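Breakdown of the fold
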Amino acid sequence: MLPRGRPRALGAAALLLLLLLVGFFLFGRDLEYGRLRGSASLDGELTWDHNRSACVPLRSLQPKCELLHVAIVCAGYNSSRDVITLVKSMLFYRKNPLHLHLVTDDVARNILETLFHTWMVPAVRSQVSWIPNTHYSGLYGLLKLVLPDALPPDLVRVIVLDTDITFASDIAELWAFFAHFSGVILLRLDRLREAGWEQMWKATAQRLLLTLSTTSLADQDIFNAVIKEHPGLVLLLPCIWNVQLSDHTLAEHCYSEASDLKVIHWNSPRKLRVKNKHVQFFRNLYLTFLEYDGNLLRTELFGCPSQPPPRAEQLQQALAQLDEEDACFEFQQQWLTVHRVHLTFLPLDPLPSEAHDVTLVAQLSMDRLQMLEALCSHWPGPMSLALYLTDAETQQFLRFVEASTVLSARSNVAYHVVYREGPLYPVNHLRNVALAQALTSYVFLSDIDFLPAYSLYGYLRASIKQLDLGSQRKVALVVPAFESLHYRLSFPTSKAELLALLDAGSLYTFRYDVWPRGHAPTDYARWREARAPYRVQWAADYEPYVVVPRECPRYDSRFVGFGWNKVAHIVELDAQEYEFLVLPEAFTIHMPHAPSLDISRFRSSPAYRDCLQALKDEFHQDLSRRYGAAALKYLTALQQSRSSA
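Just so we're clear, the structure is a prediction, and the values are computed from it rather than from any experiment.

As for its position among the elements, Asn432 is in helix α15 (residues 427-436). Asn432 gets classed as buried once you look at its relative accessible area, which sits at 15%. Those residues in contact with Asn432 that lie beyond four places of it in its chain are Arg554 and Tyr555.

The structure is reproduced here in structure tokens:
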């Protein structure tokens, strides 16, 4: 029985997909006449009551370890976020291996390929198929109509889902309907292709266009029209498989208790704000999966042998070799951790990149979120930011951006979520994620607690053009760093104003008192008088903020927590013969904040510092293997810095 309401409710996309899926996609109704093909007998009776959860065929469910195929059409940034919640609800209840067929546009392709590659869920295969925007008139709302062509030709059975649904039961119960129709009756996808499905829906669409505008035509209109012409195509499922939370359905008539629910469909434009007598229950179920820790879904299916995700075996072997009694176990374990990554978490619409354009690259955690607005006010150019968050914190971040007029107005800031896992902050991994997603030719490698000069973005672009860095010349442009000890600062608008604040004691060179070696080679005395870029030499522990080509060496992800993470990267730049040029009009200022947990541990724990030293030694050994005698100067400098410390 269908949910009561206006006939239009029948056209809801997920319901139609489920009905059509179980009808002609799966059960084999004759496309031409709407009759059962071959024998009309069923392999087992179907019995159900729309108010009961026992709505599966009387025969037992499919084999325990049968692979279930699920197809999802996903286009754009927001839809990619919805897919995660849908998949979480499936994984939470599932007892079978899953093969996800994700049909996407180019935006969602990049997001979902990375997400599932890094999620590494056992017994889950993901196959992302990209359909260019020029195909099928560029209307992704019609992609479900072309699934027989988009999906693998040898695929026989598939469940097609909308992204705005939430499972409240095992998807295997839906898949079980397949088992109660014989292979003679079952119309496989390959038979659907042979029957000319593409010509059928296109002909229907052409007729619809006589009464509907092109822009309003959607897949559900075509599905409805096909059903009207061929009513025998549809086998009606109990509406507990599609409890629609829209404004014109009486969803509460579908169930009598919570255990009846199978699939909840948020098909109202108001989504969670829809009016329904049980909406709070539905909302809580959705929010549970929305904020559920996806790391907890990396669980084995016991009794169902399956091929492990790529790299999983190697990682397990490496982890097994670690000694949990080792004082540096946390460092080693954190380095081996594969973090889930959700690229471009929010919509991105950057302007066309110019040859000398620069992207600011940085990383942050939840406790630095409040610094985003000030940074956006100082840097109008593109940014690529990696955020280290839990699943629940991503929703806080989302609400924070939506409530901020400054952040919500920006369309050229890319936010990449790296989901939190492990005790130490994977700072260099975060930097690499943000760096890899920069779209411009040059990147400004900064930190979230630094505010660049208001004019820095334009000045950097002009400097890159003037210095002709588009050639093969390897150059790292140094942006001198300063710091304020005051939470409120009258930010200097020019070098002259900065020097005045410096002389007045309101500003200082960065970490002059606790870590002078980090920025001393910049030569601040020379910078005061400089009118042109000047070259400086690398020295031990140097860690300036630099502008480099996007293809620069990546950060060493072994360095987690606090200490030497930028230093190692600058060493790598020097080893690859980058030239360090200090820009005379550039500056960035560190703003005060509470110390991080990692820096507190570094200061208080000798064992923490010993582990960092072990990482330094390992790093220098790797340099020697890669650069031979040229790496000797780094080892000598390290030894000298130890003796002077």
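Further notes follow.
Right, let's talk about the sheet that holds strand β5 (residues 165-167) for a bit. With mixed pairing, three strands are arranged side by side in an open sheet as β5-β7-β6. The open sheet has two free edges, formed respectively by β5 and β6 (243-244), since each of these has just one partner strand. Bridge count for β5 against strand β7 (residues 263-265) is three bridges, and the pairing is antiparallel. Each residue of the ladder has a partner; that of Thr166, found in β7, is Ile264.

Let us look at the confidence of the model for the protein. Confidence along the protein averages 82 in pLDDT terms, with 82% of residues attaining 70 or more. This stretch, residues 1-59, has a pLDDT under 50; its non-local contacts, to residues over four places away or in other chains, come to 182 contacts. Counting interchain partners and residues more than four positions distant, the pLDDT-below-50 stretch residues 181-188 has 32 contacts.

What follows covers the pattern of salt bridges. For the coordinates displayed, the defined rule picks out 25 salt bridges. As a salt-bridge pair, Arg298 and Glu421 come within 2.9 Å of each other at their nearest N and O atoms. Here Glu421 lies in the loop between β11 (413-419) and α15 and Arg298 lies in the loop between α9 (279-290) and α10 (312-320), a separation of 123 residues in the sequence. A salt bridge links Asp541 to Arg517, with the nearest nitrogen and oxygen atoms 2.8 Å apart. Here Arg517 lies in the loop between β16 (508-509) and α18 (524-529) and Asp541 lies in the loop between β17 (534-536) and β18 (545-549), a separation of 24 residues in the sequence. For Asp541, a relative accessible area of 4% gives the class buried. With relative accessibility at 30%, the residue Arg517 sits in the partly exposed group. By sharing partners, the salt bridges in this structure join Asp556, Arg558, Glu618, Asp622 and Arg625 into a single network.

What follows deals with the pairing of strand β2 (residues 98-104). Regular strands have side chains that alternate between both faces of the sheet. Within β2, seven of the seven residues are buried, leaving the element largely enclosed by the surrounding structure. On β2, burial covers both faces: Leu98, Leu100, Leu102 and Thr104 on one face and His99, His101 and Val103 on the other are all buried. Here strand β1 (residues 68-74) runs beside β2; their pairing, made up of seven bridges, is parallel. Bridge pairing in β2 links His69 to His99. For the crossover from β1 across helix α2 (residues 77-93) to β2, the handedness is right-handed.

For the rest of this paragraph, the subject is the nonpolar core. Counting 165 residues, the largest nonpolar core has Met90, Leu112, Leu161, Phe397 and Phe444 as its most contacted members. A per-element tally of this core places α2 first, with seven residues. Met200, Trp201, Leu208 and Ile222 belong to the second-largest nonpolar core, a separate cluster that totals 21 residues.

Taken in spatial order, the nine strands line up as β8-β11-β10-β9-β12-β18-β14-β19-β17 in an open sheet, and their pairing is mixed. Looking along the sheet, the strands with just one partner apiece sit at the ends: β8 (341-342) and β17. Strands β8, β9 (358-365), β10 (383-389), β11 and β12 (442-445) of the sheet are contacted by α15, whose axis makes an angle of about 145° with β9.

For the second largest pocket, the calculated volume is near 740 Å³. If you go around the second largest pocket, you meet 29 residues; those closest to its centre are Leu272, Tyr286, Leu290, Gln395 and Leu398. Only α2, α9 and α13 (391-403) provide two or more residues apiece to the lining of the second largest pocket. Counting residues per element, the lining of the second largest pocket draws most heavily on α2, which supplies seven residues.

Note on placement: Thr163 falls in the loop between β4 (159-161) and β5. With residues up to four places along the chain from it excluded, the contact list for Thr163 reads Ile72, Val73, Ser79, Asp82, Val83 and Leu86.

A separate point is the state of the cysteines. Scanning the entire structure with this criterion turns up two disulfides. Through a disulfide, Cys65 is tied to Cys304; the S-S separation comes to 2.2 Å. Between Cys65 and Cys304, the S-S dihedral sits near -90°, and the bridge is therefore left-handed. Placement of the pair is Cys65 in the loop between α1 (13-25) and β1 and Cys304 in the loop between α9 and α10, with a sequence separation of 239 residues. Cys65 sits in the partly exposed class, given a relative accessible area of 33%. Disulfide partner of Cys328: Cys611, at an S-S distance of 2.1 Å. Disulfide Cys328 to Cys611: torsion about the S-S bond roughly -100°, handedness left-handed. Of this pair, Cys328 sits in the loop between α10 and α11 (329-336) while Cys611 sits in helix α21 (residues 606-627), placing them 283 residues apart in sequence. By relative accessible area, Cys328 is classed as buried at 15%. Take Cys611: its relative accessible area is 3%, and that puts it in the buried class.

A few words now on the pairing of β12. Side chains Tyr442 and Phe444 project from β12 onto one buried face, and the interleaved Val443 and Leu445 project onto a second face that is buried too. As paired strands, β12 and β18 are joined by four bridges and run antiparallel to one another. Each bridged residue has a counterpart across the sheet, and for Leu445 the counterpart in β18 is Val546.

Interhelical geometry of helix α19 (residues 565-575) versus α21 gives an angle of 15° and a closest axis separation of 12 Å. In terms of orientation, α19 lies roughly parallel with respect to α21. For the pair α19 and α21, the crossing hand works out as right-handed. Of the residues in α21, those touching α19 at Ala568, Val571, Glu572 and Ala575 are Phe619, Leu623, Arg626 and Tyr627. In the contact of α19 with α21, the residues fall into six nonpolar, no polar and two charged.

The rules we used
Counting of residues starts from 1 at the beginning of each chain's written sequence and follows it residue by residue. Confidence filtering applies because this is a predicted model: local features only for residues at pLDDT of at least 70, side-chain atom pairs given and counted only at 80 or more, and all residues used for totals across whole chains, interfaces and linings. Hydrogen atoms and water are omitted, and side-chain values are computed over all heavy atoms in the structure. Each helix corresponds to a stretch of at least 4 residues labelled H or I by DSSP, and each strand to a stretch of at least 2 residues labelled E; elements are numbered beginning at the N terminus. Exposure classes here rest on a 1.4 Å probe applied to the protein chains alone. A residue is buried below 20% of its type maximum, exposed above 50%, and partly exposed in between. Note on definitions: a residue-residue contact is assigned when non-hydrogen atoms from the two residues lie within 4.5 Å. For two strands to be treated as a pair, DSSP must find no fewer than two bridges joining them. The score called pLDDT rates the predictor's confidence residue by residue, from a low of 0 to a high of 100. The term salt bridge refers to a pairing of a side-chain nitrogen on Lys or Arg with a carboxyl oxygen on Asp or Glu at a separation within 4 Å. By convention, a crossover is right-handed whenever its connection, traced from the first strand over the helix to the second and viewed with the strands pointing away, goes clockwise. Definition used in this section: a nonpolar core is a set of buried Ala, Val, Leu, Ile, Met, Phe, Trp, Tyr and Cys residues joined via side-chain atoms within 4.5 Å. Under this scheme, a helix contributes an axis fitted over its contacting stretch, all axes are lines through C-alpha atoms, and angles between N-to-C directions fall in the 0 to 180 degree range. A 1.4 Å probe that fits but cannot get out identifies a cavity on a 1 Å grid over protein atoms alone, an open set with protein on both sides within 12 Å along at least five of seven lines counts as a pocket, and a residue lines either if it has an atom within 4 Å of a point. Grid points are joined across faces, edges and corners, and a volume is the space filled by probe spheres set on the points. Disulfides are defined as cysteine sulfur pairs within 2.5 Å. An angle below 35 degrees is read as roughly parallel, one above 145 as roughly antiparallel, one from 65 to 115 as roughly perpendicular, and any other as oblique. Two helices cross in a left-handed way if the nearer one is turned anticlockwise from the farther one by less than a right angle. They cross in a right-handed way if the turn is clockwise. Here the nonpolar group is Ala, Val, Leu, Ile, Met, Phe, Trp, Tyr, Cys and Pro; Asp, Glu, Lys and Arg are the charged ones; every other residue, Gly included, is treated as polar.

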